[in-house]
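Each chain is listed here by its residues.
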Amino acid sequence: MSFREAAARCWRGCSLAGLLALCPLPAAALHAAAPAPASDFHTVTRWAMDEGLPHNLVHSVAQGADGLLWVGTWEGVARFNGRGFTVYDRQNTPGVELGGVFVVMRDPQGGMLFGTAFDGVYRLYRGRWERIGDREARHLQVNALLRDRAGVLWVGSAQTLYRLGEDGRLVDVGHDAGLPEARVTALHETDDRALMVGTERGLYRIDPGTRRATAWGAARGMAQASVRRLAGDRDGGLLAAGDDGLWWWRHDGTLQRFRPGERVDAVLQDRQGRVWMSLSSGRLVVHAGQGRADQVVPIEGAASPALIEDAEGLIWAGSTHGLFRVTAGAAHGLTHADGLTSDYVRSVLQTDDGSIWIGSAAGLDRWRDGAIQRVALLPDSDGRPVDQSVLALAATGDGGVWAGTYNQGVLRLDARGQVGTRIGRAQGLPSPFVRALLPDGRGGLWIGTMAGLSHYRDGRVRAYGAAQGIPESPVQALYRDEAGTLWLGTDRGMAALRADGSRRTWQGERDLPAQSVFDFFRDEHGDLWIASDRGLLRLRGEQFSVYDHRVGLPRDKLFRIIDDGRGFFWLSSNHGVFRVARVDFDEVDAGLRRQLGVDVVDRSDGMPANQGNGSSAPAGWLAHSGDLMFPTSSGLGVIDPMRVGMLQQHRLPIVFERVAADGVVQALQPAFRFEADTRRIVVGYAGLSFRAPDKVRYRYRLEGFDPDWVDAGSATEAIYTNLPPGRYRFQVQAMTLPVDWTREEVVGSAALALTLTPPWWRREGVLGAGLLLLAGVLSALYLWRIARFRQQQRTLGRVIDARTRELSDKNLALLLASQEREDLVRRLEYQASHDVLTGLPNRREAERFMQARVEQALAEGGRLSLVLADIDHFKRINDDYGHEVGDDVLRQVGAVLAAHADAGLFAARHGGEEFLLIATGLDAAQARALFERIRRRIGTVTVATGAETVRCTASMGMVELVPALASRRELLAVADRRLYAAKRQGRDRLVAD
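As the structure is a computational prediction, the values presented were derived from the model and not from experiment.

J.: Any chance you could break down the overall build of the chain for me, citing the residues and the numbers?
T.: Within the chain, the regular secondary structure consists of 12 helices and 72 strands. Its C-alpha atoms give the chain principal-axis dimensions of roughly 130 × 100 × 60 Å. Across the 993 residues in the chain, those meeting the buried criterion constitute 53%. Working note: accessible area of the chain is about 44700 Å², and carbon and sulfur atoms make up 48% of it.

Spelled out as structure tokens, the structure:
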């Protein structure tokens, strides 16, 4: 039996470990479900009040035109971007009564419609809320809404059917059409524009011509039971869900029934043609077509009418217990609920007979023929059970396995799971704590223990240590390549035992660019790949290449390397499993690409946990079926490699969720205009990937300010302070992992305009008028001087000497005027780059200087330290003594900084009471000592205010230029955090780490 067939027999319904981890279910309920194909597992994720929902009872779900989800609950409506909820209710939305939201619907005319339990219909359009309808309409209990193709809004209420006219008048259609007086629960418009009306007394049809209602459902055999929801199929048919099951009238008139006698609260047909039914018992039933058994996806609580398919093909359902997302992922999990002894899986191995052996913190399991069997290990000599933790596995060659344990040494088990040989301290094993095993191919066994390497053969154990040239560090990886070389990975480096008996060791962080080594793989070119705590290493000859976060790996610590034979490496970590095309490494080395293309498989894809387990072996296995298995902290993860990367690569819609200026949230619009004194602008954005929001990565730029794109990682906010006046365009891009910004077809993009108006004296009109006035004055002056010159020429024409002196005076005046103009230009240049109050360089000059010095230090290997300093309690000084005293404090602090500025120290006013200091050519200790002297000197500044003397102190945050902080923005961000740490620690101090 294949691995996939075994999975299909062992798992039932929606038995993914991802579902179980997020929504635990009783095992009995799990195994009662109908079997599903192994490749069609579903992962269920739940959000409730603990995750931000205003109430656990979800009545309705809809997706807006911008891609955001809207969730209607008893306590208002919530907008969901995949990461968090924004709640709208009567407490935070003045004038809007959203005590109970029964219906949420995307309005074809734009915006969203909301039907409430007591207060009629609301519409949200372009950020503005409005109540629809006249006074009578404002007190309806709304159970259903429909905007038909003609633009008419139909409202199903607790008593009858209404139509809301464009004038807001409420028209009773139900009584005029002959509908029974009953609760209207569902509305649907057919292809011929008839109105299908679901009520608690059956299904009715209102003909568009006669406007009369007929008992359409009863005429076709449907009981006069409550209809819960109506939906159209892909071909123009009708799906009616209610208390008597699901009725499906196809376009050709044929009828198909599902779940007769059961209550079905909601129904939809997805883009693949499958029919989803939400049962009141708390189950989603998926009908995939004739000849295929229905799948059952359990959810918690009693189901509600909330059931939709979003733009990504994900299914969303509501119940009394919250909002549920159902996805078909690339992975699933095997857990304790399916028979595993423990969810904390340490190692996995498949033997030639197809058996999968799973070592965990509580023992050993064998998965074979769809059944999981616990394997009993040996008791101690006094009859007490041994510690059952199994960390290492190796095949014996006859269907059995060697099992390395936590404190019982090594056990040999035959194909039946019976324990035979035991290798422990009594047999000479230096430590019973075993992390790695490797058969030597000659009947012997290499054993990696906490006390180093040992070899077992013919009942004898030989320990290898320093005398044999082998490190005595804990061994956590063993690997033999085709040349017969044995490779050892330890927590302090690695070693090699060659077939000719020679030895070679690499000490961590001295001979090896890593500390711990967890796995090896020798490729067909002879390169040795090494999984380490510092990334993936490649040893070619004597040269190491390092691939870590700097070239796109999400995390540096890697546990397992698996080559799938299809051109990909699979790397396990504590943050999911990474898939990387092998050709990417060569292209990075050749400079053809800057980043590796990394697919991440984690909980969003169905893995039972993101945390993979390492320091044990094997920490992953390529099954006979082609699936990949990885031990995790919450079960055994099983990945179908053919599904990885197929569900996420699409262009992400991006929405702007928040724009704030100086802490004041602005109404969202395509363009914003702020005054020149605006100091801080915050833009919040979100790339909408509901399947895997944690895999979305961003970059942004402010055109007109940022010279290049800013890599934001997973951050969803951009902050700008003290922008100069001007017109800007903020642009943000997003894509899911793997990140490759050159793939324009999958990069989402959005933009908005920002304008900071200049002060009145710098505005175009004022400048234009000033220039015209200046030109007029200069022209008048010129004409006056010409007239005067001619008069003097006539008067002094006869006196040549006087005329000569006059001309000399004119030439001198022109020379002085030219010098005055040059002085004016120099003063203007100085004013543009220096602060008026303190005389120090301003922020613009500081950023130019800092960028140049950072680039110079990086290029020449020089030293650079940076401090952000802030005057303590400066606002209190301004408030208590006035701004003139505050200005005097700033001037004196500026004088202190200017007095210390020299070739090795640069000081500037960064904004407000904040100053920037940059020291070059000093190591960290020297720079800190200099900054401490400056801080103490600032503490001596006093300003007399009459009866009192104002003293000031400063808090400082210091950062040193290191390779990990190699940009101006990163240095400022770290210095800013340390500055605020200094303030939190009591102020008047310098924090450098």
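Past the structure itself, the notes keep going.
J.: A description of a nonpolar patch on the surface should follow, citing residues and the corresponding values.
T.: On the surface, Leu 771, Leu 774, Leu 778, Leu 781 and Trp 784 cluster together into a nonpolar patch covering about 520 Å² of accessible area. As for its placement among the helices and strands, Leu 778 is situated in helix α6 (residues 764-795). A relative accessible area of 48% means that Leu 778 is categorised as partly exposed.

J.: Give a detailed account of the sheet that holds strand β60 (residues 680-687), specifying residues and quantitative values.
T.: On the basis of which strands lie adjacent, the open sheet formed by four strands has the order β58-β57-β60-β63 and antiparallel pairing. Each edge of the open sheet carries a strand with a single partner, namely β58 (664-665) and β63 (717-721). Sheet analysis places strand β57 (residues 654-661) next to β58, joined by two bridges and oriented antiparallel. If you follow Ala 660 over to β58, its bridge partner there is Val 665.

J.: Go over the sheet that holds strand β50 (residues 560-563), please, and point to the residues and values.
T.: The strand order across the open sheet formed by four strands is β50-β51-β52-β53, and the pairing between neighbours is antiparallel. If you trace the sheet from one side to the other, it starts and ends with β50 and β53 (598-601), each paired once. Along the sheet, successive strands turn relative to each other by an average axial angle of 25 degrees, direction set aside. Pairing analysis gives four bridges linking strand β52 (residues 576-581) to β53, with the strands arranged antiparallel.

J.: Break down the packing of helix α9 (residues 874-881) against helix α10 (residues 883-900) for me, citing the residues and quoting the values.
T.: Look at α9 against α10: their axes get within 6 Å of each other, and the N-to-C directions meet at 140 degrees. On the basis of the axis angle, α9 is oblique to α10. The segment α9 lies against α10, with Phe 874, Ile 877, Asn 878 and Tyr 881 engaging His 883, Val 885, Gly 886, Val 889 and Leu 890. For the contact of α9 with α10, the residue count by class is six nonpolar, three polar and no charged.

J.: Run through the pattern of salt bridges, naming residues and quoting values.
T.: Considering all chains together, one arrives at 57 salt bridges under this definition. Residue Glu 524 pairs with Arg 582 through a salt bridge whose shortest N-O separation is 3.3 Å. Linking Glu 524 in the loop between β46 (517-522) and β47 (528-532) with Arg 582 in helix α5 (residues 582-589), this pair joins segments that are 58 residues apart in sequence. On the basis of relative accessible area, Glu 524 is assigned to the exposed category, the value being 58%. In this structure, Glu 717 and Arg 658 form a salt bridge, with 3.5 Å as the shortest nitrogen-oxygen distance. Here the residue Glu 717 occupies a position in strand β63, and Arg 658 occupies one in strand β57, the gap between them amounting to 59 residues. For Arg 658, a relative accessible area of 33% translates into the label partly exposed.

J.: Go over the nonpolar core with me, naming the residues and quoting the values.
T.: With 34 residues, the main nonpolar core has Met 494 and Leu 536 as its most contacted residues. The element that contributes the greatest number of residues to this core is β47, accounting for four residues. For Met 494, the contacting residues outside a window of four places in its chain are Trp 487, Leu 488, Gly 489, Arg 504, Thr 505, Trp 506, Leu 512, Val 517, Phe 520, Ile 530, Leu 539 and Phe 544. Listed in part, the 32 residues of the second largest apolar core include Trp 47, Val 61, Ala 62 and Trp 129.

J.: Help me get a handle on empty space enclosed by the protein, residues and values and all.
T.: Evaluation of the coordinates by the stated rule reveals seven cavities of 30 Å³ or more. Estimates place the volume of the second largest cavity at around 80 Å³. Lining of the second largest cavity is provided by Phe 789, Gln 792, Gln 793, Leu 796, Arg 803, Glu 806, Leu 807 and Lys 810. Top contributing element to the lining of the second largest cavity by residue count: helix α7 (residues 800-833), with four residues. Per-class residue counts for the lining of the second largest cavity are three nonpolar, two polar and three charged.

What counts and what doesn't
- Residues numbered from 1 in each chain as written.
- Predicted model: local features only at pLDDT ≥ 70, side-chain atom pairs only at ≥ 80, totals over all residues.
- Heavy atoms only, no water.
- Helix = DSSP H or I, 4+ residues; strand = E, 2+ residues; numbered from the N terminus.
- Buried < 20%, exposed > 50% of the residue type's maximum accessible area, 1.4 Å probe, protein only.
- Areas by Shrake-Rupley, 256 points an atom, 1.4 Å probe, with all protein chains shown as cover.
- Patch = residues over 30% accessible without salt bridge, like charges linked within 9 Å, V, L, I, M, F, W, Y side chains within 5 Å.
- Salt bridge = Lys/Arg side-chain N within 4 Å of Asp/Glu carboxyl O.
- Pairing = 2+ DSSP bridges.
- Axes fitted to C-alpha atoms, helices over the stretch in contact; angles between N-to-C directions.
- Parallel < 35°, antiparallel > 145°, perpendicular 65-115°, else oblique.
- Contact = heavy atoms within 4.5 Å.
- Nonpolar A, V, L, I, M, F, W, Y, C, P; charged D, E, K, R; others polar.
- Core = buried A, V, L, I, M, F, W, Y, C linked by side-chain atoms within 4.5 Å.
- 1 Å grid on protein atoms, 1.4 Å probe; cavity = no way out; pocket = protein on both sides within 12 Å on 5 of 7 lines; lining within 4 Å.
- Points joined across faces, edges and corners; volume = space filled by probe spheres on them.

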